[in-house]
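Understanding the architecture of this molecule
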Amino acid sequence: MPSSNGPRHAKQSKSSQRPSSLKRKRTEEGLSSLIQRVEDLDLKETFKSFTDLPLSEPTSSGLSSSHYKTLTDIQSRAISHALKGRDILGAAKTGSGKTLAFLVPVLENLYRKKWADYDGLGALILSPTRELAIQIFEVLRKVGRYHNFSAGLVIGGKSLREEQERLGRMNILVCTPGRMLQHLDQTALFETNNLQMLVLDEADRILDMGFQKTVDAIIGHLPKERQTLLFSATQTKRVSDLARLSLQDPEYVAVHETASSATPSTLQQHYVIIPVPQKLDVLWSFIRSNLKMKAIVFLSSGKQVRFVYESFRHMQPGIPLMHLHGRQKQGGRLDITTKFSQAKHAVLFATDVAARGLDFPAVDWVIQLDCPEDADTYIHRVGRTARYERDGRAVLFLDPSEEKGMLQRLEQKKVQVERINIKANKQQSVKSQLQNMCFKDPELKYLGQKAFISYVKSVYVQKDKEIFNLKELKLEDFAHSLGLPGAPRIKFIKGDDTKERKNAPRASIYASSDEDSSEEGDKKAKKDEPRVRTKYDRMFERQNQDVLAGHYSKLINDDGTLVDHTKNKVAVGEGDDDDEFLSVKRRYDAGDDDLDVGGDSSEDEEDESDDKKDIKTVHLDGRDPLFVDSNRRKKMLKSKKKLLKFKGKGTKLVFDDEGNAHEMYEMEDEEQFKAQGDAKDQKAQFLAEETERTRQADMEDKEVARQKRREKKEKRKARERELLAEEEAEERVEQLVPYENEDEGQFSPSEPEVEAPRPSKKQKVRVQEPDESQEVSKFKRGKRSTPKEPQIQTLEDLESLATGLLG
């Protein structure tokens, strides 16, 4: 029987293994042919559809099921270079499909390298905003649905602990820079040593001052041998930025660089000259006249967004209103973007958090209520409409002081805008309504004050002063247009005024105040009022300024001769030469030791004999003796604070192993320091050594954390094994108890079997007292036993024992 069954089972196993082996062989052949097609790819050739590219079957299936068929210009040029493994700087207009231009190479390169879960993180995609990161992740899920890669979304506003548990198993991560750096610093099991690709979407925004330190820290954790892809509508070309990313011979792909405009051709761009106090009136009139539209209104700060949203919502324009800014919680921001994407008619008030990369379908208008900080921000704002060759319109509101400078910046970036005028008969003023609402609602008034301050601050901090000039804005009228009774006080504006007043001459201040009072007709009243006298006024009004102190008589010239005091007294009144005044030095008497002043000093000794009697010498630690020759010096001896400059600096001594004392902080010899090389080179070397030391320490800490986790896991498994062994031993004992009783002859089938209680871990010692039933059973079995005397515990027991003995 066994011989007959053996071959039959062998045939079944061979037949079951044959399809899997054939499938594996087919997959390997397809992978090798795909690699060969990528190597034979001609970079000069232009491709029109995704089927023309050498893509894997899972990627092609994901693209076709997501309805992506034709290639855009940036996709046809960038994907071919990226498949070859080259670094790319991609620049194209907004809405031209840059997301697929880097997602397809990420999936393909990891697929060709047979990337699996145990290989760790293979691709890292950085995005400047959370909304853009969510959008990239959704596209990645659609296109890569047939791949076996694990992908994760790491953004702020979510639980850090949950992300830490899942982070080590991810192959592709889409993240924001801040949260990514937090995981790199705090998550011990998260490693990036095997990273293959780094992608920066909106690269110019990520590499600017806002994210500079964060991105530098992230790049410090990543390996240098990697493929780097940078994409943006306004690409950076600065050498410093590219050097920070360690790009290796990057390919600059700019498909619209030769175009006549940096914005889509289907976009109609206009600007309107409106003073700042009239902007809300024009915006309200525009919304009321276009109720069947989908528009985004950009403002410069989140507090302005909230005030405009709350005030317009109270006035009920007849169209759904939404607002989006960076201070909202993550769940609320996600709900707002979803609702606005699905809405047919709506107005979204937003900051620049919605200006980059977000794909809102069918946006009709982009209204820039506040002037953008530069031309790049303008290009990204208007890119929310006219996407994928659809029509769109954009309007820019400019103050008269901002017109000239902003138009010049737009011309430099190949942005063409036309000026339009607003019909006066269609304008509606909301100033009275806002004042009424602010009077009744203190919270709305508070929001208005914060909106005013944030707008002024946003103008004040701008670098381009040709466009943003705070002094030319009518801030008082702007405050009234917000419904406020007056302009709130702003500290930094007041500080500039006080600085100018402080630097102005005192006489001109008094003169200007006199002129103002004469204009008002109150000149006599101003003269009668007492002025505030400062310490400088009192100093210049001081009497007896020519009476000099006693130490003035102890001055000598450079040549050692004594100063003629009569000449000096005359010179004080008439004005002395500068050379003679600057050549004066002070002389101290040093007790018995005479100073070598040159010339005859016999007459001086007789004149100064009286002064030497009053001089006292005070010896201070670590310094030369201090001569007290005036009342000021006597008072100084009572002040510890003033004596500090005459005392030596404190030194802290430490002892080495041999017992020799030396200062704790010893300065290096300057010649030896210079001999080691340039100071900048030494600084760079020191920083490199410290960086390496901290990196090694970080690796050791991570290794210690891993070791502790392993030990904890092994201890837990050992404890579980011990408990399991104890339970098995107890079961064996329970099974052996009946058979042991049979051997002793104490077991009878008629007696009921009593199940032994399960022993606990901590054994308790109990003293079992004999009861009558046990004694009866023993006598029945034929065994003779002597009854034990009852234990005497109470007085009744003693009495019963005594009666038994007597009876």
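Residues numbered from 1 in each chain as written. Predicted model: local features only at pLDDT ≥ 70, side-chain atom pairs only at ≥ 80, totals over all residues. Heavy atoms only, no water.

We apply this condition: UniProt positions are given in the numbering used here, feature names are shortened, and annotations may be inferred rather than shown by experiment.
Under an unreviewed UniProt entry, the name given to the protein is ATP-dependent RNA helicase, and the source organism is Aspergillus tanneri. For the protein, the Function (unreviewed entry) comment in UniProt is given as "RNA helicase." UniProt, in its Sequence similarities (unreviewed entry) section for the protein, records the words "Belongs to the DEAD box helicase family."

**Some thoughts on the overall build of the protein**
Selection rule: Put simply, DSSP marks the helices as runs of H or I at least four residues long and the strands as runs of E at least two long, and each gets a number from the N terminus on. Only protein chains enter the accessibility calculation, which uses a 1.4 Å probe. A residue is then buried if its area is under 20% of the maximum for its type, exposed if over 50%, and partly exposed in between. Residue contacts are counted whenever heavy atoms from the two residues lie within 4.5 Å of one another. Areas reported here follow the Shrake-Rupley algorithm with a probe of radius 1.4 Å; residue values treat only the protein chains shown as occluding.
Each helix and strand in the protein was counted, giving 31 helices and 20 strands. The proportion of buried residues among the 807 residues of the protein is 37%. The long-range fraction of contacts in the protein, counting pairs at least 24 apart against all pairs at least 6 apart in sequence, stands at 72%. Entry remark: accessible area of the protein is about 53,500 Å², with carbon and sulfur atoms responsible for 49%.

**Considerations on a positive patch on the surface**
To keep it simple, the criterion reads: For patch building, the residue pool is restricted to those with more than 30% relative accessible area and no salt bridge; the joining distance is 9 Å between like charges and 5 Å between nonpolar side chains (Val, Leu, Ile, Met, Phe, Trp, Tyr). Salt bridges are identified by distance alone: a Lys or Arg side-chain nitrogen within 4 Å of an Asp or Glu carboxyl oxygen. As used throughout, the charge tally considers Lys and Arg to be positive and Asp and Glu to be negative, leaving His and the chain termini uncounted. One atom stands in for each charge, and that atom is NZ of Lys, CZ of Arg, CG of Asp or CD of Glu.
The grouping of Arg709, Lys712, Lys713, Arg716, Lys717, Arg719 and Arg721 at the surface amounts to a positive patch. Tracing the chain through its elements places Lys713 in helix 29 (residues 679-744). Assessed through its relative accessible area of 43%, Lys713 is described here as partly exposed.

**Some words on the pattern of salt bridges**
The tally for this structure, following the rule as stated, stands at 19 salt bridges. For Arg706, the salt bridge goes to Glu191, with nearest N and O atoms at 2.2 Å. In this pair, Arg706 is assigned in helix 29 and Glu191 in the loop between helix 7 (177-186) and strand 5 (197-201), connecting sequence segments 515 residues apart. For Glu191, a relative accessible area of 38% puts it in the partly exposed group. Among the ionic pairs, Glu703 bridges to Arg706, the shortest N-O distance being 3.3 Å. Here the residue Glu703 and the residue Arg706 both occupy positions in helix 29, the gap between them amounting to three residues, near one helical turn. Glu703 gets classed as partly exposed once you look at its relative accessible area, which sits at 39%. The exposure class of Arg706 is buried, given its relative accessible area of 15%. Ionic contacts of the salt-bridge type, sharing partners, join the residues Glu191, Glu703, Arg706 and Arg710 into one network.

**Structural notes on the sheet that holds strand 2 (residues 123-126)**
Threshold: Paired strands are those between which DSSP finds at least two bridges. Axis angles are defined between N-to-C directions and span 0 to 180 degrees, where every axis is a line fitted to C-alpha atoms and, for a helix, only to the segment in contact.
Taken together, seven strands build an open sheet; the order of strands is 3-4-2-5-6-1-7 and the sheet is parallel. Only two strands of the sheet have a single partner each, and these edge strands are strand 3 (151-154) and strand 7 (251-254). Mean inter-strand twist for the sheet, computed between neighbouring axes without regard to direction, equals 15 degrees. The sheet contact formed by strand 5 and strand 6 (residues 227-232) spans five bridges and is parallel. For Met197, the partnering residue across the bridge sits in strand 6 and is Gln227.

**Description of the UniProt feature "domain: DEAD-box RNA helicase Q" (unreviewed entry) in the protein**
According to UniProt, the feature "domain: DEAD-box RNA helicase Q" (unreviewed entry) maps to residues 48-76 in the numbering used here. Annotated as 45% helix and 0% strand, the span residues 48-76 places its first and last C-alpha atoms 7 Å apart.

**Section: the sheet that holds strand 9 (residues 294-298)**
If you trace the seven strands from one edge of the open sheet to the other, you get 10-11-9-12-13-8-14, paired in parallel fashion. The open sheet has two edge strands with one neighbour each: strand 10 (321-324) and strand 14 (418-419). Note that strand 8 (residues 267-273) and strand 13 (residues 392-398) share seven bridges and pair parallel. Bridge pairing in strand 13 places His270 opposite Val395. Packed onto the sheet, helix 14 (residues 375-382) meets strand 8, strand 9, strand 12 (365-368) and strand 13 and runs at close to 150 degrees relative to strand 12.

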